[in-house]
Amino acid sequence: MTALLEPPIWALDPDDEELPTFPDDDLDLVFVEAALDRLLASAGAGRTAPESIDRIRRIKTQLNRLDAALHDTAHDFARTHVAARIDTAGAQAAETLDPDKLEQSVAAQIALACRTSVHQGRTRIRVARDLHNGFDHLHSLFLAGELDADKVSAIVTAADTLTREQRAELDRRLAEHNLTRLGIGRLRDLTRRLVAEIAPADFAKRCEAAKKTRRVTVRPAADGMAFLTAHLPVEQAVGCVAALDKAHRDLSASPEPLTRTRGQVMADTLVERLTGKTHATDIDLHVQVMVPVEALIDPESPLPAEIPGYGPVPADLLATAGGRTTLRRLITRQGIVIGGDTRQRRFTRFLDELIRARTRNRCTEAYCDAPIHHIDHITRAADHGTTTLDQGRGTCEFHNYLREQPGWTVEHTPEGVQTTTPTGHTYPNAPPG
């Protein structure tokens, strides 16, 4: 007797009225998932080098199309979510809804669903919105898989100040170029130039207004290093680099042998001029250091110390500087802060310091890497939440205010601290470390 086998899912015709039922109510995704399972199962099949390259190109094209579908779905969700909020508020109250807060709620939910940061979630929803408002040609390239999400985002973000009509004009001019042959940098430069041509008055105003956003920031890098970034008007930035370059040329012309590279001389000169020190290594340190309890028990322990928010450093590194050093030690076990001490007599915010250090000065919301700006009560103080280490969590400004919007909750659960979104989806907060 011959056994009759049902055809695999990917062999079924989606238009067949007699298709079997599936737990997932989105049949399109069922077919995509089944096709991906088959694709992954065949990844190790023997192919020639040219065949593998052809396969890579085809897979990348389909990945681009899936990203386009994701953006379109995000756009649909945003419209549905906003419409639901308006219906809930009623005709009169709808006029008082804050568009910025609505966008924040949408962006945060998309970020959680995509397992990414709120910044990327906001970028994704804004790109999806603008793609449906003037960028017809660009959108068609995206849907066809000719451009990936990074390139589309670079173009749309560079034109985020234009009106719908201006975006349509930009889209027409971009269509005159072979966008698929350009890298992200060239696409961004091309878009910025065209934006300045289409709206020259607005471009001049933005350049003037942008000077008010000048700032200096620092972010961690590998191997005990960090990036010090100055966001400056272009003429000032070029002038700073020229002055540092001149310092290197002056040293190169001196009779003493130069033992440092151009980059090292420029970096040292920057530190010396900013701090007023004669030598870059003579800076005064006032740092918070996380020290593993094992390192206190065993002087030979290989475990490194750590500066919260910036990464690990050798335990003896901070003692090598020539300046005055003030340290605050926070004791950890398996990466979690369990106590600490201070070498300053007038420190009055030690609990704040412990909460920030517990998550390396990173927001505790899932997928968010922003630095902590607020210390938030997990159980609100208005709901009789206590001001203790267990009841405190560090968040960025965005996530602290987000929980106050309708439908958002943060609470303790047996599995830990959990955030619930307006759609009822739950997300555990990021673990310590």
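- Under an unreviewed UniProt entry, the protein has the name DUF222 domain-containing protein and belongs to Pseudonocardia nematodicida.

1. A closer look at the sheet that holds strand S12 (residues 426-428)
- Taken in spatial order, the 3 strands line up as S10-S11-S12 in an open sheet, and their pairing is antiparallel. A strand with exactly one partner marks an edge of an open sheet, and here the two such strands are strand S10 (409-413) and S12. Sheet twist, expressed as the mean angle between neighbouring strand axes with direction ignored, is 30 degrees.
- As judged from the 3 bridges shared by strand S11 (residues 416-420) and S12, these two strands associate in the antiparallel manner. Its bridge partner being in S12, glutamine 418 is matched across the sheet by proline 428.

2. A short note on the pattern of salt bridges
- Evaluated as defined, the whole model comprises 20 salt bridges.
- For glutamate 169, the salt bridge is made with arginine 172, and the minimal N-O distance between the two is 2.7 Å. On the criterion of helical spacing, the pair formed by glutamate 169 and arginine 172 is a turn pair, its members being 3 residues apart in helix H8 (residues 164-174).
- Residue glutamate 169 is classed as partly exposed on the basis of its relative accessible area, which comes to 25%.
- Across the salt bridge formed by glutamate 365 and arginine 393, the nearest N and O atoms sit 3.0 Å from each other. Taken together, the residues glutamate 365 in the loop between helix H14 (350-358) and strand S8 (374-377) and arginine 393 in strand S9 (residues 392-395) connect sequence positions 28 residues apart.

3. Topic: the packing of aromatic side chains
- Throughout the structure, instances matching the rule amount to 0 aromatic pairs.
- In this arrangement the basic side chain of arginine 219 is found over the ring face of phenylalanine 227, its NZ or CZ atom lying 4.5 Å from the centre.

4. Comments concerning the layout of surface pockets
- There is about 1,000 Å³ of room inside the second largest pocket.
- Lining the second largest pocket are 28 residues, and of these Leu29, Val32, Leu66, Ala69 and Leu70 lie nearest its centre.
- Only helix H1 (27-41), helix H2 (49-89) and helix H4 (99-113) provide two or more residues apiece to the lining of the second largest pocket.
- Looking at the lining of the second largest pocket element by element, the count peaks at 13 residues for H2.
- Split into classes, the residues belonging to the lining of the second largest pocket amount to 16 nonpolar, 6 polar and 6 charged.

Cut-offs and rules
- Each chain has its residues counted from 1, running along the sequence as written.
- The predicted origin of the model limits local features to residues at a pLDDT of at least 70 and limits the giving and counting of side-chain atom pairs to 80 or more, whereas totals for whole chains, interfaces and linings rest on all residues.
- Hydrogens are left out, water is left out, and the side-chain values use all remaining heavy atoms of the structure.
- Whether two strands pair comes down to DSSP finding at least two bridges between them.
- In this description a helix means any DSSP run of H or I spanning at least four residues, a strand means any run of E spanning at least two, and both kinds are numbered starting from the N terminus.
- All axes are obtained by fitting lines to C-alpha atoms, using only the stretch in contact for helices, and the reported angles, taken between N-to-C directions, cover 0 to 180 degrees.
- Here, a salt bridge means any Lys or Arg side-chain nitrogen found within 4 Å of an Asp or Glu carboxyl oxygen.
- Here's how the labels work: a residue is buried when its accessible area is under 20% of the maximum for its type, exposed when over 50%, partly exposed in between, all with a 1.4 Å probe on protein chains only.
- Whether two aromatic rings pair depends on their centres lying within 6.5 Å, for rings of Phe, Tyr and Trp, where Trp uses its six-membered ring; planes under 30 degrees apart make the pair stacked, over 60 edge-to-face, and the rest tilted.
- Charges are assigned to positions over rings by a cutoff of 6 Å between ring centre and Lys NZ or Arg CZ, combined with an angular limit of 35 degrees from the ring normal.
- A cavity here means a set of points on a 1 Å grid, drawn over the protein atoms and nothing else, where a 1.4 Å probe fits but cannot get out; a pocket is an open set with protein on both sides within 12 Å along at least five of seven lines, and a residue lines either one if it has an atom within 4 Å of a point.
- Grid points are joined across faces, edges and corners, and a volume is the space filled by probe spheres set on the points.
- Any residue that is not Ala, Val, Leu, Ile, Met, Phe, Trp, Tyr, Cys, Pro, Asp, Glu, Lys or Arg is counted as polar, Gly included; the first ten are nonpolar and the last four charged.

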